[in-house]
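Close look at the chain arrangement
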Amino acid sequence: MTDFNLPELGENIAAGDVLRILVKPGDTLAKDQPVLELETDKATIEVPSSLAGQVKEIKVKPGDKVKVGQAILSVEDGIGASAAAPKAAATPAPAEAVAVATSPAPAKLPKAAAPPPPPEPAPRQDKVVDISRGARAVAEPVASSEFPPAPAAPSVRRMARELGVDINQVPGTEADGRISVEDVKAHAKRLLAGASRGVGGAAPVTSVELPDFSRWGEIERQPMRAVRRKTAEHLSAAWATIPHVTQCDLADITALEDLRKKYTKPVEAAGGNLTVTAIAAKVVAAALRVFPQFNASIDFGADEIILKKYVNIGIAVDTDRGLLVPVIRDADRKNIVQLSVELSQLSEKARTRKISLEEMQGGCFSISNLGGIGGTYFTPIVNAPEVAILGISRARMEPVYFKDGAPGQSPVHGAFVPRLMLPLSLSYDHRVIDGADGIRFLRWVVQALEEPFVLALHG
Amino acid sequence: MISTQLVVVGGGPGGYAAAFLAADLGLSVALVDPEANPGGVCVYRGCIPSKALLHVAKLVDDSRHAKAWGVEFGEPKIDLAKLRDFKNAVVGRLTSGTGQLVKHRRVQYLQGYAEIADAHSLKVSLASGGVESVQFEHAILATGSLPAMPPMLKVDDPRVMDSTGALELPDIPASLLVVGGGYIGLELGSVYAALGSAVTVVEMTPGLLPGADRDLVDVLARRISQTMKSVLLETSVVKMAAEAKGIRVTFQRAGANAQGGAGTDQVFDRVLVSVGRRPNSKIPGLDRTQVQVDQRGFIMVDEQRRTHEPSIFAIGDVVGEPMLAHKASHEGRVAVEVIAGENVAFAPRAIPAVVFTDPEMAWCGLTEAQAAKENRAVTIAKFPWAASGRAITLDRTDGLTKLVIDPESERLLGVGLVGPGAGELIAEGVLAIEMGANATDLKLSIHPHPTLSETMMESAEVFFGQATHVYRPKRAR
């Protein structure tokens, strides 16, 4: 055990008052670590230790007057000689300069073992904050929740506030992370872009750097229309956030087509068009009742899946403005005639730009029928926040092999029969719908189209 | 009847700054104050007259000190009437200036006292007689503060003064007791000490200027103890009574009561009570609005200085500490900008505070004491003025400059200064903190030599263990 005695601090300094003790028993003391703050009649100084080791006992307390040579503390396994002349005393210098030399420096105070408790949040009352404080604290700044405060000038902070940006969230690009006006503007822009994309907020509509196309021939630039821009943003977000699986199948609609032709006239009389799309809407509406997980949305914020107790079917309509998706409400409670009439009206409204925003909202599931134009299969993109979409392509006559003969005909062994086959593509959100359920749903739709009795049976 | 977009109640540095900015922004403005011209306590009975007197006090002290430099003036002769005239002329000049600015800006000035009728109207009892009613869209309450006078210290005798009375310079008492070791008591005590009074300061807590960093206060206290007759710490005044020969004051040391010790008596020619200020929130008719006042009497406001009554704002001393003119002016301007439709807020990082004693003491931003209280890890870098060439030429080497720095980002969080001219030097600290400057920025900015401002730069150098005029190698980590 070795004592650390108050070293000579300079000419004419024989004693001082202990202001603060910077170590405590049990601390591991390093050589030159400050152990106490001493007030002399020249200056307030920090006294560095000439010893290293574990602090055993502290022999002075704040307020004590200590003299040069007096024991301050004792150290176990003291390394270094207490007799060795401390630096300050060894430096020949005028009194003032000595006081300076032993004076303050950026000393790290020994950290307490326990992490410091977080500062108390400012008390809030409604929107009004009581910022007044004790009469004693004369000039403390208004408490900021962030520490250290964001490195931004007052003008930059003010602009951030005006733009509705939290300055503490803005990444600074200048030296040492300082935040410039440009940083705030860029951050605000990013926030706005994120907000307009809605769900998820990820998947920016990236602008890839483009070559100069005119180098290879004449070009024309057209402004992007609002519908196009919206579609681009919406589909980018859906594509980027939803893990898509597209399941394909074929429905034999030979019999259905006969029925459709047979009942075209009465539906026309009612003011509708008996189309495959209208029939598919009825089938899908029934299927959604049987497979409720296809009539759902994901709420990641709440860690919940939202199941809808209503069935609204969106139908993609090709217009000269671009793709629009009017929604047929409560499709499960309407018959095919009603659906046909409503679909005709909505399509007409969409094409003549008379459709309201209201009539395009609230969909649970979408149907996109491209069969009028052609194609075999395609991979539709789920119309988020829905979880599935049915794509319909053009039906065509195909030879189908029947082991026991074609339906309704006398059994013939091993015959190829011409059947009208409808290609179907079901895209779904794999986060909520498993592959087996995907094909179960599609098989159910196929069967209902092949044998409409299924609708009455299960639908 | 007057109909205006904005009425400002109180013409102090907060109120008139607000009224003037509102006029500049094109609003119609009325300003209500009992004085003939705007200025408030600051100009009439506070910052300004006290600084005029402190300037003279400094001159007197310097003239005495000059003997040590080989220049002797002899004992100063003080013509109190003339000194009073000088002080009054300073006040007169400033207030006639604000009066001119009122006219130029076409602010409707109503000399009188306001009483609030409801959230959109008030009545002013005019100094010239009669009552004027004012309809307003918005109001800003800027009624300031008053000297606190605890009942125990209330003696109905002109020899017991508050700061207002002391600034009147009734005479130069042979002995003066200053109750309260805050900045007001120390400033006015210094004035009387320089003029020749034997000044005793009594303070209840263990140190002068409670709340401020001790290392700075120590420097000031050392000098104060030379200019004042005595400084009684941890001592309360338990009784005060007017007698023919003076005011008899009974003191009690902290803890003495528990030991059953009796207080000690002393008689003073005059007593200055400067134990703080209280918000002037007892505005007639305030209860006819939704404005709320907290337990200590401060009007409650949000960060935009809006009260619980949406049409009424409040600023300055009446909404909270620190009770400083420059804080009030800034708040006033913020409130007006909010009223003018800007989405701004009162969000300073550093409000400077200055004690205009000799030496001056000034600080801004985070203090070391506050950092310790909040358990913030900070690094302190100090530069003693003993190493400043300029300080040595002034024969004033007792000063100290210190920086409170965030050890991670090395950003400046607070500045503390004590020494002659500290009040002027602190502005650099405010700008540095507001701009988010770090220690390197301060170190790399060339400061003029030989000036005291170099101590700011060299403190930053101390942080890196590289100060030119201080040998202090960086400690091994």
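Residues numbered from 1 in each chain as written. Chains lettered and ligands numbered in written order. Predicted model: local features only at pLDDT ≥ 70, side-chain atom pairs only at ≥ 80, totals over all residues.

**Details of the overall build of chain A**
Looking only at helices and strands, one finds 11 helices and 21 strands in chain A. Within chain A, the fraction of its 459 residues that count as buried is 34%. Sequence separation of at least 24 residues holds for 64% of the intrachain contacts in chain A that already meet a minimum separation of 6. (Helix = DSSP H or I, 4+ residues; strand = E, 2+ residues; numbered from the N terminus. Buried ≥ 20, exposed ≤ 12 C-beta atoms within 10 Å, placed from the backbone. Contact = placed C-beta atoms within 7 Å.)

**With respect to the overall build of chain B**
Counting its regular elements, chain B contains 13 helices and 21 strands. Buried positions account for 51% of the 477 residues belonging to chain B. When contacts within chain B are restricted to residue pairs at least 6 apart in sequence, long-range pairs at least 24 apart make up 65% of them.

**Digging into the sheet that holds strand S12 (residues 246-253) of chain B**
All names here are of chain B. One open sheet holds the 3 strands; their spatial order is S11-S12-S13, and the pairing between them is antiparallel. Looking at which strands have only one partner, the edges of the open sheet turn out to be strand S11 (235-243) and strand S13 (264-268). Each strand axis lies, on average, 25° off the axis of its neighbour in the sheet, ignoring direction. Pairing analysis gives 5 bridges linking S12 to S13, with the strands arranged antiparallel. From the neighbouring strand, threonine 250 faces S13, where its bridge partner is aspartate 265. (Pairing = 2+ DSSP bridges. Axes fitted to C-alpha atoms, helices over the stretch in contact; angles between N-to-C directions.)

**Let's talk about the sheet that holds strand S19 (residues 379-384) of chain B**
Residue and element names in this part refer to chain B. Taking strand neighbours across the sheet as the criterion, the 5 strands line up as S17-S18-S21-S20-S19 in an open arrangement whose pairing is antiparallel. Each of the sheet's edge strands pairs with one partner strand only, and the pair in question is strand S17 (353-355) and S19. The mean angle between the axes of side-by-side strands here comes to 10°, regardless of whether they run parallel or antiparallel. Direction of pairing for S19 relative to strand S20 (residues 400-405): antiparallel, over a ladder of 6 bridges. What sits directly across from threonine 379, in S20, is isoleucine 405.

**What to know about the pairing of strand S5 (residues 131-141) of chain B**
All names here are of chain B. Relative to S5, strand S1 (residues 2-9) is paired through 7 bridges, and the arrangement is parallel. From the neighbouring strand, leucine 6 faces S5, where its bridge partner is histidine 138. Pairing analysis gives 5 bridges linking strand S4 (residues 121-126) to S5, with the strands arranged antiparallel. The residue of S5 that forms the bridge with leucine 122 is valine 134. Hairpin geometry of S4 and S5 is characterised by an intervening segment of 4 residues between the two adjacent antiparallel strands and by a positive phi of about 100° at glycine 129. When S5 meets strand S16 (residues 312-314), the two strands line up parallel, connected through 3 bridges. Looking across to S16, one finds that leucine 141 is bridged to alanine 314.

**A short note on the nonpolar core**
Ranked by size, the top nonpolar core spans 145 residues in total, and within it B:Val8, B:Ala18, B:Leu31, B:Ile140 and B:Val271 carry the most contacts. Counting 58 residues, the second-largest nonpolar core is a separate cluster that includes A:Leu324, A:Ile336, A:Leu343 and A:Ala350. (Core = buried A, V, L, I, M, F, W, Y, C linked by C-beta atoms within 7 Å.)

**Considering the packing of helix H3 (residues 47-65) of chain B against helix H6 (residues 183-195) of chain B**
Residues and elements named next belong to chain B. One way to put it is that H3 packs onto H6 with a least axis distance of 9 Å and a crossing angle of 45°. Between H3 and H6, the angle is such that the two are oblique. Crossing of H3 against H6: the hand is left-handed. Between H3 and H6, the contacting residues are Ser50, Leu53, Leu54, Ala57, Val60 and Asp61 on the first element and Glu187, Leu188, Ser190, Val191 and Ala194 on the second. Across the contact of H3 with H6, the residue classes break down as 7 nonpolar, 2 polar and 2 charged. (Parallel < 35°, antiparallel > 145°, perpendicular 65-115°, else oblique. Left-handed = near helix turned anticlockwise from the far one by under 90°. Nonpolar A, V, L, I, M, F, W, Y, C, P; charged D, E, K, R; others polar.)

**Here's the deal with unusual backbone geometry**
All names here are of chain B. A cis geometry characterises the amide bond from glutamate 321 onward to proline 322, with omega recorded as -10°. Its location among the elements puts proline 322 in the loop between S16 and helix H8 (325-339). With an omega dihedral of 0°, the bond running from aspartate 358 to proline 359 counts as a cis peptide bond. Within the fold, proline 359 resides in the loop between S17 and strand S18 (360-365). One non-glycine residue with positive phi stands out, namely leucine 209, at about 45°. Mapping leucine 209 onto the fold places it in the loop between strand S9 (198-202) and helix H7 (214-227). Residue class for leucine 209 comes out buried when judged on the 24 C-beta atoms lying within 10 Å of it.

**Notes on the packing of helix H8 (residues 276-290) of chain A against helix H9 (residues 336-351) of chain A**
In a packed pair of helices, the relevant descriptors are the angle between the two axes and the axis-to-axis distance. All names here are of chain A. The geometry of H8 relative to H9 is characterised by a closest axis approach of 9 Å and an angle of 125° between their N-to-C directions. Considering their axes alone, H8 and H9 lie oblique with respect to each other. For the element pair H8 and H9, the recorded crossing hand is right-handed. Together, Thr277, Ala278, Ile279, Ala281 and Lys282 of H8 and Ile336, Leu339, Ser340 and Leu343 of H9 make up the contact between the two elements. Of the residues assigned to the contact of H8 with H9, the class counts are 6 nonpolar, 2 polar and 1 charged.

**A word on the pairing of strand S21 (residues 415-429) of chain A**
Pairing of strand S11 (residues 244-252) of chain A with S21(A), which is carried by 9 bridges, proceeds in the antiparallel orientation. In the sheet register, A:Gln247 faces S21(A), and the bridge partner there is A:Leu426.

**Considerations on the environment of A:Gly371**
Residues and elements named next belong to chain A. Assignment of secondary structure puts glycine 371 in the loop between strand S18 (365-369) and strand S19 (388-392). Among the residues examined, glycine 371 registers 20 C-beta atoms within 10 Å and is labelled buried. Along the primary structure glycine 371 and valine 276 are separated by 95 residues, whereas in three dimensions their C-alpha atoms are 9.2 Å apart.

**Brief notes about the confidence of the model for chain B**
For chain B, mean pLDDT is 95; residues scoring 70 or higher make up 97% of the total. Interface confidence for the predicted complex, expressed as ipTM, amounts to 0.77; the pTM equals 0.61. (pLDDT = per-residue confidence, 0-100.)

**Let's talk about the environment of B:Val404**
Residue and element names in this part refer to chain B. Inspection of the secondary structure puts valine 404 in strand S20. With 26 residues separating them along the chain, valine 404 and valine 378 place their C-alpha atoms 6.4 Å apart. Ignoring anything within four residues of it in the chain, the contact list for valine 404 reads Gly365, Leu366, Thr367, Glu368, Ala371, Val378, Ile380, Leu413 and Gly414.

**With respect to the environment of B:Leu176**
Residues and elements named next belong to chain B. In this fold, leucine 176 is placed in strand S8 (residues 175-179). In the structure, leucine 176 is positioned 52 residues away from methionine 228 in sequence and 9.9 Å away in space, judged by C-alpha atoms. Once residues lying within four places of it in the same chain are set aside, the contact partners of leucine 176 are Tyr192, Ser197, Val199, Phe268, Asp269, Arg270 and Leu272.

**Remarks on the confidence of the model for chain A**
All names here are of chain A. Averaged over every residue, the pLDDT of chain A is 79; the share at 70 or more is 78%. Within chain A, the element-level pLDDT minimum falls on strand S10 (residues 128-129), averaging 35, and the maximum on S19, averaging 97. Confidence drops under a pLDDT of 50 for residues 80-144, and excluding neighbours within four residues, the segment shows 129 contacts in the predicted structure. Below pLDDT 50 for its whole length, residues 197-204 participates in 18 contacts with residues either more than four positions away or in separate chains.

**Considerations on helix H3 (residues 154-162) of chain A**
Looking only at H3(A), the buried set comprises A:Val156, A:Arg157, A:Arg158 and A:Ala160. Positioned one or two residues after H3(A), A:Gly164 has a phi angle of 75°, which is positive.

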